[in-house]
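Inside the fold
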Amino acid sequence: MAELPKRYDPKAVEPKWYQRWIEDRDFVANAKSTKPPFSIVMPPPNVTGMLTLGHVLNNTIQDILARRARMRGFEVLWLPGMDHAGIGTQTAVEKHLRQTENKTRHDLGREEFLRRVLEWQDKHGGIIIEQLKRLGCSCDWSRQRYTLDDAYTAAVQKVFVDLYRAGLIYRGRRMINWDPAAQTAVSDEEVVSKPQKGQLYFVRYEIVEEPGRFLEVATTRPETIMADTAMAFHPGEKRYLDLIGKHAWRPLAREKIPIITDEAIDPEFGTGVLKVTPAHDALDFEIGQRHGLPVVDVLYPDGRINCPAVPELDGLDRFEARQKAAELLKARGALVKSEPYENNVGFSDRSGVPIEPRLSEQWFLRYPKTKEALAVVRDHLIRFFPVHWEKVYAQWLENIRDWCISRQVWWGHRIPAWYRKSQPSNSKSQAGGEIYVGVEAPPDPENWIQDEDTLDTWFSSWLWAYETMDDETRKKFYPTSVLVTAPDIIFFWVARMIIAGLEFKPGKTEKIEGNIPFHHVFFTGLIRDKLGRKMSKSLGNSPDPLELIDKYGADGLRFGVMRIAPTGQDIRFDEKQIEEGRNFATKLWNVARFRQMHGPSEAAPAIDTQELSIYALEVLARLNETIDAIETAYGEYQFNTVAQRLYDFVWSDYCDWFVEAAKTDIFGEDEAKKKSALAVMDFVLSAIFRLLHPFMPHMTEELWSLLGFGKGSIQFAALPKKIALDHTDDLASKHNLVLAIYGITQAGRNLRAAAKLPSNKKIPYILRKEKKPVFNEIPTLTRLLNAEEVTLDPEYQPPPGTPMAVTPLGDLFLPIATTGERERLDREIARIEQEARTVEAKLQNDAFVQRAPSAVVEDHRRRLNDLNAQLAKLKQARAGLN
């Protein structure tokens, strides 16, 4: 067996094992396997994306689940892929064109522009896949998919055509959300509401029929006054009833507009009077429809003002025009005042700019199967973790609106709709013209013009859970087991995938439970910096995961991130936590080297619980507790709990306590005891490696191999089971003795630290205690304390100033006079007095005594007696110093 190097080098270990796993096809799923299936589809990253800490978190969780499932005996499919990211990719290429050639996509034309995008994709695309491999992701790369694969594109087009023929997809002129930066429509779900500080402008409109009389309006958008086509107030507003049917002069692009009433007006906002701008506000559009008002659009698609009638504003950016409009109104005596005002403004999730409500002809989908989608989550056919996301999901579905699925971009799935050439070439209206929708082009394509628009990227990715699989794979692995995703796409993706599964029925049968896309959904938290801010390049607070891998290793990064990722909460990132992950790997490596130094390991060591030391029994008992705790935590997707329990067990229970205690037997003369201690080390290390493997795959594979714990890869080794300790003689008393010895050790170390004695200096201790039951453990206690010797003396009377500690096994003394002992005893007395007061207060509380179980009450009474006894001894020692 090869010897472990002195230092763990992830740069040597990680690529070696990942390449071996790929060559051995360890990640390839077998659709013909008789094993039970476990499957995950990777949320597809953008094709030109780069690895972020968010990707590290999400994909590490998926890898943990996939690797653990293999060890549990499942046939595992983790299906990877990428998304074409229509708006994002096109925006990046357009920006590059402007910077390098000073051209737009329209200058190039559609065919040439798409050729340029393909070049860009070939150059920048797929990098993230190689980065995920560096992280150790155990995906079935042979099944990698892309949302623009030919077969996938055909499936997207077929779904569009089928839904159109079913009357669920339609084309209409409606108020939509317009992104002036990307110059495309976006769906309601892609609009993020953000509080914004601005101004509320109070503007007066003169009554045409009563010169000198005015209606006052409060607005945040004076730059759209030129598009006003009416003034309106609530019919219950008695102040203005005499103005119904009259007109007001519009103060910019002066024109008279009617005064009307409508139930939708909020009489509490501003002055109670609304300027109705149907082209630029959804509510105003609805009012305009009810009253037959004209629609006047004063914005270009890029957000500049389009109003030659007011040359001072024409061509200005909308925000620049806002200030200029206020100045014009003031100059004309129409601006009464302005005051600071905060309101919520919708921003495009795509480009990060405020959206514009805009009347536009677009394609829409009436969502099918919404009631069924509600039911499968409500009835827990699909379970959400954390559970509170069920309510958010239900609220969205109960208030769902038709989905605007068309986008004014060229990169993506082109809408399979054609218009007769007899229509004006720039018109897409169905009115007065013929429209053809089909997977194939019309039989006489020369007489038709295909729709210029593409489909929303999410319209392709809502099929991801099943269209990524061929028929054989789908039969084995669909529905998938779990989806790991961020909560910010619960509407974009999670809900729509559920609807798609229920509508298109890709499962083996018609039954609902066979067509849901997944059984569980785990929502991750958001990684923030240690100040709680979102990570971004502009803030400079977003570390490069590849640099972290170079510095700490992939396993160090994975373990460090997972240990700080509480379920359902955002994560405060600090690089020190990744360093702790690396340090943990070093600790485990060193303890494995220690074991190897004492001879070859046994893959299946024989453990006789009746012959074990009390320290071996204790570490096995704590291993059992750890296995139970981990199993429970996995059931609730509490990955940070799993990581922390493993960290505590390895670092504290195994390394700090058991290994140190076992050295007494390992370096002793009794060969049977040495063999027993090493067998327990093998048993526990084998369990540790398997429990840790999903989190730290490379290192555990290396140690598993070098220590000879299995013939094959650790990936397929069964997870450890608890060892039976119930029939061990005097297990409870042995457990109590170990706890007492560990307690003495900690007390002795504290005495050493208080006396400012170095931890590597051997010093004497005296334990005021009769020989039984601790006598046989004095060699181990001496080692744990790094003592010169530990003397048992039931009659010991310390001289004044001798540091002492009260322990369950007797009073421990450090027979070295120290000037700091008085202060240390004062602190210890104060601590125990406070603890005693807390326990005593509970016992004096009648409600506690009457309601708490009798065993708990009795335990508190015993605790108070013990504390009072400790106090008496400490005070006696303190008095001896006076």
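Structural data are supplied above this passage.
Residues numbered from 1 in each chain as written. Predicted model: local features only at pLDDT ≥ 70, side-chain atom pairs only at ≥ 80, totals over all residues. Heavy atoms only, no water.

**Observations regarding the overall build of the protein**
Summing up its helical and strand segments, the protein has 27 helices and 29 strands in all. Taken over the C-alpha trace, the protein has a radius of gyration of 36 Å; the compact-globule value for 882 residues is 29 Å, which it surpasses by more than 25%. Its C-alpha atoms give the protein principal-axis dimensions of about 110 × 70 × 55 Å. By the burial criterion, 52% of the 882 residues in the protein qualify as buried. Element-wise, carbon and sulfur atoms account for 50% of the exposed surface of the protein, whose accessible area totals about 40,200 Å². (Helix = DSSP H or I, 4+ residues; strand = E, 2+ residues; numbered from the N terminus. Rg over C-alpha atoms; globule rule 2.2 N^0.38 Å. Buried < 20%, exposed > 50% of the residue type's maximum accessible area, 1.4 Å probe, protein only. Areas by Shrake-Rupley, 256 points an atom, 1.4 Å probe, with all protein chains shown as cover.)

**Notes on the pattern of salt bridges**
In total, this model carries 62 salt bridges according to the counting rule given. Across the pair Glu472 and Lys32 runs a salt bridge, and its minimum N-O distance is 2.8 Å. On the criterion of sequence distance, the pair formed by Glu472 in helix H14 (residues 471-477) and Lys32 in the loop between helix H1 (10-23) and strand S1 (37-41) is long-range, its members being 440 residues apart. With relative accessibility at 40%, the residue Glu472 sits in the partly exposed group. Close ionic contact of Arg358 with Asp297 constitutes a salt bridge, the shortest N to O distance being 3.7 Å. Taken together, the residues Arg358 in strand S14 (residues 356-365) and Asp297 in the loop between helix H8 (282-291) and helix H9 (318-331) connect sequence positions 61 residues apart. One salt-bridge network, held together by shared partners, links Glu101, Glu112, Arg115, Arg116 and Glu119. (Salt bridge = Lys/Arg side-chain N within 4 Å of Asp/Glu carboxyl O.)

**Let's talk about the side chain of Arg474**
Looking at the secondary structure, you find Arg474 in helix H14. Put simply, Arg474 is tucked away with no salt bridge, and the nearest opposite charge, on Glu467, sits 4.0 Å away. Ignoring anything within four residues of it in the chain, the contact list for Arg474 reads Tyr466, Glu467, Met469 and Pro506. (Lys, Arg positive; Asp, Glu negative; His and termini not counted. Contact = heavy atoms within 4.5 Å.)

**A short note on the sheet that holds strand S22 (residues 480-485)**
If you walk across this open sheet you meet the three strands as S15-S23-S22, and the pairing is parallel. If you trace the sheet from one side to the other, it starts and ends with strand S15 (383-385) and S22, each paired once. Within this sheet the neighbouring strands show an average axis-to-axis angle of 20°, counted without direction. Of the pairings in the sheet, the one linking S22 to strand S23 (residues 518-523) comprises five bridges and is parallel in character. Of the residues in S23, the one forming a bridge with Thr480 is Phe518. (Pairing = 2+ DSSP bridges. Axes fitted to C-alpha atoms, helices over the stretch in contact; angles between N-to-C directions.)

**What about the packing of aromatic side chains?**
Here the structure, examined in full by the defined rule, presents 43 aromatic pairs. Arranged with centres 5.4 Å apart and planes meeting at 70°, the rings of Phe160 and Trp363 form a pair that is edge-to-face. In this pair, Phe160 is assigned in helix H7 (residues 150-165) and Trp363 in strand S14, connecting sequence segments 203 residues apart. When sorted by exposure, Phe160 lands in the same class as Trp363, which is buried. (Phe/Tyr/Trp six-rings, centres within 6.5 Å; stacked < 30°, edge-to-face > 60°.)

**Describing the sheet that holds strand S16 (residues 403-404)**
Reading across the sheet, the four strands line up as S6-S5-S14-S16 and stay open at both edges, with antiparallel pairing between neighbours. With partners counted over all chains shown, the strands left at the sheet margins are strand S6 (184-186) and S16, one partner each. Sheet topology places strand S5 (residues 169-179) next to S14; 10 bridges connect them, and they run antiparallel. Across the sheet, the residue bridging to Trp178 is Glu356, located in S14.

**Considering H1**
Between its first and last C-alpha atoms H1 spans 20 Å; for 14 residues at 1.5 Å apiece the expected length is 20 Å, and the two agree. Elements that come into contact with the buried residues of H1 comprise helix H2 (53-71), helix H6 (127-135), helix H16 (545-552), helix H17 (554-563) and helix H22 (697-706). Where H1 starts, the residue carrying a side-chain oxygen 3.1 Å from the main-chain nitrogen of Lys11 turns out to be Asp9. Once H1 finishes, Arg25 follows within two positions and takes phi at roughly 55°, a positive value. (Expected span 1.5 Å × (residues − 1). Polar contact = N/O pair within 3.5 Å; in protein donor to acceptor, adjacent residues only side chain to side chain.)

**Examining the packing of helix H19 (residues 614-635) against helix H23 (residues 731-754)**
In contact at an axis separation of 9 Å, H19 and H23 are set at 100° when each is read in the N-to-C sense. Taken together, H19 and H23 sit at an angle that is classed as roughly perpendicular. Contacts between H19 and H23 involve Ile614, Tyr615, Leu617, Glu618 and Arg622 from the former and Leu731, Lys734, His735, Leu737, Val738, Leu739, Ile741 and Tyr742 from the latter. Its residues placed into classes, the contact of H19 with H23 shows nine nonpolar, one polar and three charged. (Parallel < 35°, antiparallel > 145°, perpendicular 65-115°, else oblique. Nonpolar A, V, L, I, M, F, W, Y, C, P; charged D, E, K, R; others polar.)

**What about the packing of H16 against helix H18 (residues 575-596)?**
Between H16 and H18, the least distance of the axes is 10 Å, while the angle of their chain directions is 40°. Between H16 and H18 lies a crossing whose hand is right-handed. Of the residues in H18, those in contact with Leu548, Lys551 and Tyr552 of H16 are Glu575, Ile578, Glu579 and Arg582. Grouping the amino acids of the contact of H16 with H18 by side-chain chemistry returns three nonpolar, no polar and four charged. (Left-handed = near helix turned anticlockwise from the far one by under 90°.)

**Some remarks on the pairing of S23**
Regular strands place side chains that alternate from one sheet face to the opposite one. Inspection of the sheet shows S15 paired to S23 by three bridges, in the parallel sense. Among the inter-strand pairings, Arg383 is bridged to a residue of S23, identified as His520. Taken together, S22, helix H15 (residues 490-504) and S23 form a β-α-β motif whose crossover is right-handed. (Right-handed = clockwise from strand over helix to strand, strands pointing away.)

**A short note on the side chain of Thr60**
Mapped onto the fold, Thr60 is located in helix H2. The exposure class assigned to Thr60 is buried, which follows from its relative accessible area of 1%. Residues contacting Thr60, with those up to four places away along its chain left out, are His55, Leu135, Arg558 and Met562.

**Considerations on the nonpolar core**
A general feature of soluble globular proteins is that nonpolar side chains tend to end up buried together. With 144 residues, the main nonpolar core has Tyr654, Phe658, Ile688 and Phe689 as its most contacted residues. Top element by residues in this core is helix H20 (residues 639-666). It accounts for 15 residues. When near neighbours in sequence (up to four residues on either side) are disregarded, Phe658 contacts Tyr615, Ala616, Val619, Asp653, Ala677, Val680, Met681 and Tyr742. Core analysis: the next-biggest nonpolar cluster, separate from the first, contains 61 residues, Phe160, Leu163, Ile415 and Ala495 among them. (Core = buried A, V, L, I, M, F, W, Y, C linked by side-chain atoms within 4.5 Å.)

**Structural notes on empty space enclosed by the protein**
What the rule picks out here adds up to four cavities of 30 Å³ or more. Taken as a whole, the largest cavity spans an internal volume of roughly 60 Å³. Surrounding the largest cavity, 14 residues form its lining, Phe522, Thr524, Gly525, Ala565 and Pro566 being those nearest its centre. Of all elements in the fold, only H2 and S23 reach the threshold of two or more residues within the lining of the largest cavity. (1 Å grid on protein atoms, 1.4 Å probe; cavity = no way out; pocket = protein on both sides within 12 Å on 5 of 7 lines; lining within 4 Å. Points joined across faces, edges and corners; volume = space filled by probe spheres on them.)

**Overview of the environment of Leu737**
Here Leu737 is to be found in helix H23. Leu737 gets classed as buried once you look at its relative accessible area, which sits at 14%. In the structure, Leu737 is positioned 484 residues away from Ala253 in sequence and 92 Å away in space, judged by C-alpha atoms.

In short, shape yes, function no, at least from these values alone.
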